[in-house]
Amino acid sequence: MSQQPMMSAAVLDRPLSIEVKQVPVPEPKPDEALIRVHCIGICGSDVHYYEHGRIGRYEVKEPLILGHELAGVVVRTGENVTNVAPGDRVAVEPGVTCGRCSYCKSGRYNLCPDVVFMATPPVDGAWAEYVAVRSDFLFRLPDEMSFEEGALLEPLSVGIHAVRRGRIRPEDRVLVLGLGPIGLLAIQAARMAGASAVYGSDVVEFRRKLALQMGAAGVIDPQQDDVSERIQEVTGGGGIDLVIETSGNAGAIAGSIGYVNRGGRIVLVGLPTRDAIPVDIGALVDAELDVHGVFRYVNTYPAAIRMLEGGSHRIRDIITHQFSLNEIKEAIELARTQKDSSVKVMIYPHSTS
């Protein structure tokens, strides 16, 4: 009997303990394809699992492979796969849903209770040389689109879904609170969706400068500025029509009610460290605000690919560091401890550097 082929993968054993180990190459099922991972990003959730071993009700109880922002090449397909073929360059949507429940049937499959999401315990992710994925969650990349842009479709999808939830209009002025990877890509999504102007707010100067580089019309330092006054200043008194909150900061979430115009919209993306946050319900009701939550994304990958095909975007600007898989410990420690100088850290499983 032939020996099962092995591959390198970064395995989290316990909080702050991660090591590249040899694990079996996954065998694709009839409806799956085997992907050779070209590059994969480090997400904030990966860092949180690495640091704390859990996010909410999801706890790392067994060794776990992290990572879910990836692109690569199809190397083998199951017998029932028809939409991709070996050699195809693809982006991977990491949440495989059942396709049968009422949420899936109604088009809101991101709410599927039986979703299998990469790098969410106990499901392994893709900080590895290969990964097997159900083929309907693979999206072929245009020839002119890089693997890095393909991997960034995942966090960009969060921004696109937030913009859709906020029902963006061409005349809208948008404020994005928190300028991590999701916030910066939400700026790009809002601009590509036609917002008249997009502004950003963050306590880190490096990220504010990057937001301006990526097309923000102005930025706010919430530690130094009176945010409401600064909004009136940068908008020429026009105010903000849509707030997209990505930081999860309790003060920013509560303050967003006062940052948006009457009749405006607030979209909450960032998860706070505590579930209950005091908000001024009277002000919310009086201003007739619409408040929307965001859980991942739904039906965004084809749209994201089309949006990027024009080339007039700066999403790759958020990639600040690149490492091989063998350098995973150094990479994730940098992402964890150097938020003032890093945004998106990209991993290359087949690099030997």
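Please read all numbers here as calculations on a predicted model, not as lab measurements. (Residues numbered from 1 in each chain as written. Predicted model: local features only at pLDDT ≥ 70, side-chain atom pairs only at ≥ 80, totals over all residues. Heavy atoms only, no water.)

**Student:** Explain the overall build of the protein to me, and be specific about the residues and the numbers.
**Tutor:** Assigned secondary structure in the protein consists of 11 helices and 20 strands. Against the compact-globule benchmark of 20 Å for 353 residues, the protein has a radius of gyration of 20 Å, which places it among compact chains. A principal-axis box enclosing the C-alpha atoms of the protein has dimensions of 75 × 40 × 40 Å. Taking as baseline every contact in the protein between residues at least 6 positions apart, the subset at least 24 positions apart corresponds to 70%. Here the protein displays about 15,900 Å² of accessible surface, and carbon together with sulfur accounts for 48% of that area. Charge-centre separation for the protein: the mean point of 35 positive side chains lies 3 Å from the mean point of 44 negative side chains. (Helix = DSSP H or I, 4+ residues; strand = E, 2+ residues; numbered from the N terminus. Rg over C-alpha atoms; globule rule 2.2 N^0.38 Å. Contact = heavy atoms within 4.5 Å. Areas by Shrake-Rupley, 256 points an atom, 1.4 Å probe, with all protein chains shown as cover. Lys, Arg positive; Asp, Glu negative; His and termini not counted. Charge placed at Lys NZ, Arg CZ, Asp CG, Glu CD.)

**Student:** Any chance you could break down the packing of helix α1 (residues 44-52) against helix α11 (residues 328-337) for me, citing the residues and the numbers?
**Tutor:** As a packed pair, α1 and α11 sit with axes 10 Å apart at the nearest point and diverge in direction by 100°. In terms of orientation, α1 lies roughly perpendicular with respect to α11. Residues Asp-46, Val-47, Tyr-50 and Glu-51 of α1 form the contact with α11, whose own contacting residues are Lys-329, Ile-332, Glu-333, Ala-335 and Arg-336. Counted by class, the contact of α1 with α11 contains 4 nonpolar, no polar and 5 charged residues. (Axes fitted to C-alpha atoms, helices over the stretch in contact; angles between N-to-C directions. Parallel < 35°, antiparallel > 145°, perpendicular 65-115°, else oblique. Nonpolar A, V, L, I, M, F, W, Y, C, P; charged D, E, K, R; others polar.)

**Student:** I'd like a rundown of the packing of aromatic side chains, residues and numbers included.
**Tutor:** The description of an aromatic ring pair rests on the distance of the ring centres and on the angle between the ring planes. Applying the stated rule across the entire model yields 3 aromatic pairs. With 6.3 Å between their ring centres and 85° between their planes, Tyr-109 and Phe-137 make a pair best called edge-to-face. One end of the pair, Tyr-109, is in the loop between α2 (102-105) and β10 (116-117); the other, Phe-137, is in the loop between β11 (130-134) and β12 (138-140), with 28 residues separating them in the sequence. The two residues Tyr-109 and Phe-137 agree in class, both being buried. Geometrically, the ring pair formed by Tyr-297 and Tyr-301 is tilted, given 6.1 Å between the ring centres and 55° between the ring planes. Judged on exposure class, the residue Tyr-297 and its partner Tyr-301 are both buried. (Phe/Tyr/Trp six-rings, centres within 6.5 Å; stacked < 30°, edge-to-face > 60°. Buried < 20%, exposed > 50% of the residue type's maximum accessible area, 1.4 Å probe, protein only.)

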